[in-house]
Amino acid sequence: MGRVQDKVCLVTGGAAGMGREHVLLLAEEGGRIVLTDLNEEAGQATAAEVKAKGGEAIFVKHDVASEDDWKMVIKTAVDTFGQIDVLVNNAGVFVVKSIQETTAVDWDFVNNVNTKGLFFGVKHVLPAMEKAGGGSIINISSIYGIAGASNASAYQASKGAVRIFTKSAAVEYAPYNIRVNSVHPGVIATAMTAEIMADKEATEALLGGAIIRRPAEPKEVSWGVLFLATDESSYMTGSELVIDGGYTAT
């Protein structure tokens, strides 16, 4: 307990799925939470769950693809808690289509959220983290930012961009005592994958070359996020934390 005691943790896409698990674990370990999402009902419910367990949390409705929204969220976080110590860029979207079927609208939708939205967060959190004396930025990428697959070109382009942008930001932000790392989850059991995983053959296909023949539970990724949020990872920046059951090992 207390591994991020009193650290102010901003988590995007924190209302459900992996983001919700990140929020709950960081709060359990003493973090003061600012969770954002477009889903206001689920976001308020997650914040209420944190507070019911004795933690501190606020919810802010937030479109990560909006630069103005980012400015508002960061101001709200600082006005409420005084600073920002941890930013988890978790919000993301996925389109399953072949390259030939992918439209310009699909491409822009995925990249506006997964890439541009993340860029806005990294850009606008700098003054708050600099004032706090440093911080940790955790960008959620994917194994699909490392390895290829069919029917995911827009998503893979966005997550590959997250991977290399993280390294660029790590170099640029090092003088401010701000660490920037990426997390690369494999197949995760969430609402997004529930329909596919209802079919055993589809699940096996989705797992691909994973050595551990099951999907991860969201909290198994959250443990990695927690580690990067703590001072335990103080010598890590520009790194890729791969949590994929061995998918990329073969």
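Nothing here was measured: the structure is a model prediction, and the numbers come from that model.

Definitions and limits used
Residues numbered from 1 in each chain as written. Predicted model: local features only at pLDDT ≥ 70, side-chain atom pairs only at ≥ 80, totals over all residues. Heavy atoms only, no water. Axes fitted to C-alpha atoms, helices over the stretch in contact; angles between N-to-C directions. Helix = DSSP H or I, 4+ residues; strand = E, 2+ residues; numbered from the N terminus. Parallel < 35°, antiparallel > 145°, perpendicular 65-115°, else oblique. Left-handed = near helix turned anticlockwise from the far one by under 90°. Contact = heavy atoms within 4.5 Å. Nonpolar A, V, L, I, M, F, W, Y, C, P; charged D, E, K, R; others polar. Pairing = 2+ DSSP bridges. Core = buried A, V, L, I, M, F, W, Y, C linked by side-chain atoms within 4.5 Å. Buried < 20%, exposed > 50% of the residue type's maximum accessible area, 1.4 Å probe, protein only.

Asks: It is not clear to me how the packing of helix H4 (residues 104–132) against helix H5 (residues 153–173) should be interpreted in this structure. Could you clarify?
Replies: Describing two packed helices takes the angle between their axes plus the distance from one axis to the other. Look at H4 against H5: their axes get within 8 Å of each other, and the N-to-C directions meet at 15°. Considering the angle they form, H4 stands roughly parallel to H5. Crossing geometry of H4 relative to H5 is assigned as right-handed. Note on element contacts: H5 touches H4 through Ser 153, Ala 154, Tyr 155, Ala 157, Ser 158, Lys 159, Ala 161, Val 162, Phe 165, Ala 169 and Tyr 173, opposite Trp 107, Val 110, Asn 111, Asn 114, Thr 115, Leu 118, Phe 119, Val 122, Lys 123 and Leu 126. A breakdown of the residues in the contact of H4 with H5 according to their chemical character gives 14 nonpolar, five polar and two charged.

Asks: Would you take a moment to explain the sheet that holds strand E6 (residues 178–185) for this structure?
Replies: The pairing of strands in a sheet happens through backbone hydrogen bonds and is either parallel or antiparallel. Strand order across the open sheet formed by seven strands is E3-E2-E1-E4-E5-E6-E7, with parallel pairing between neighbours. Lying at the two open borders of the sheet, with one neighbouring strand each, are strand E3 (56–61) and strand E7 (240–243). Going across the sheet, the axis of each strand differs from the next one's by a mean of 15°, ignoring polarity. Bridge count for strand E4 (residues 86–89) against strand E5 (residues 135–140) is four bridges, and the pairing is parallel. What sits directly across from Val 88, in E5, is Ile 138. Seen against the sheet, H4 touches E4, E5 and E6 and runs at an angle of roughly 175° to E4.

Asks: Would you take a moment to explain the nonpolar core for this structure?
Replies: Nonpolar side chains in soluble globular proteins tend to end up buried together. Core analysis: the biggest nonpolar cluster contains 31 residues, and Leu 10, Ile 84 and Ile 137 have the highest contact counts within it. Taken together, the elements giving at least two residues each to this core come down to strand E1 (8–12), helix H3 (67–81), H4, H5 and E6. Per-element tally for this core: the top contributor is H4, with nine residues. Once residues lying within four places of it in the same chain are set aside, the contact partners of Ile 137 are Leu 87, Asn 89, Val 122, Val 125, Met 129, Tyr 173, Ile 178, Arg 179, Val 180 and Asn 181. Val 11, Met 18, Val 183 and Ala 229 belong to the second largest nonpolar core, which has 28 residues in total.

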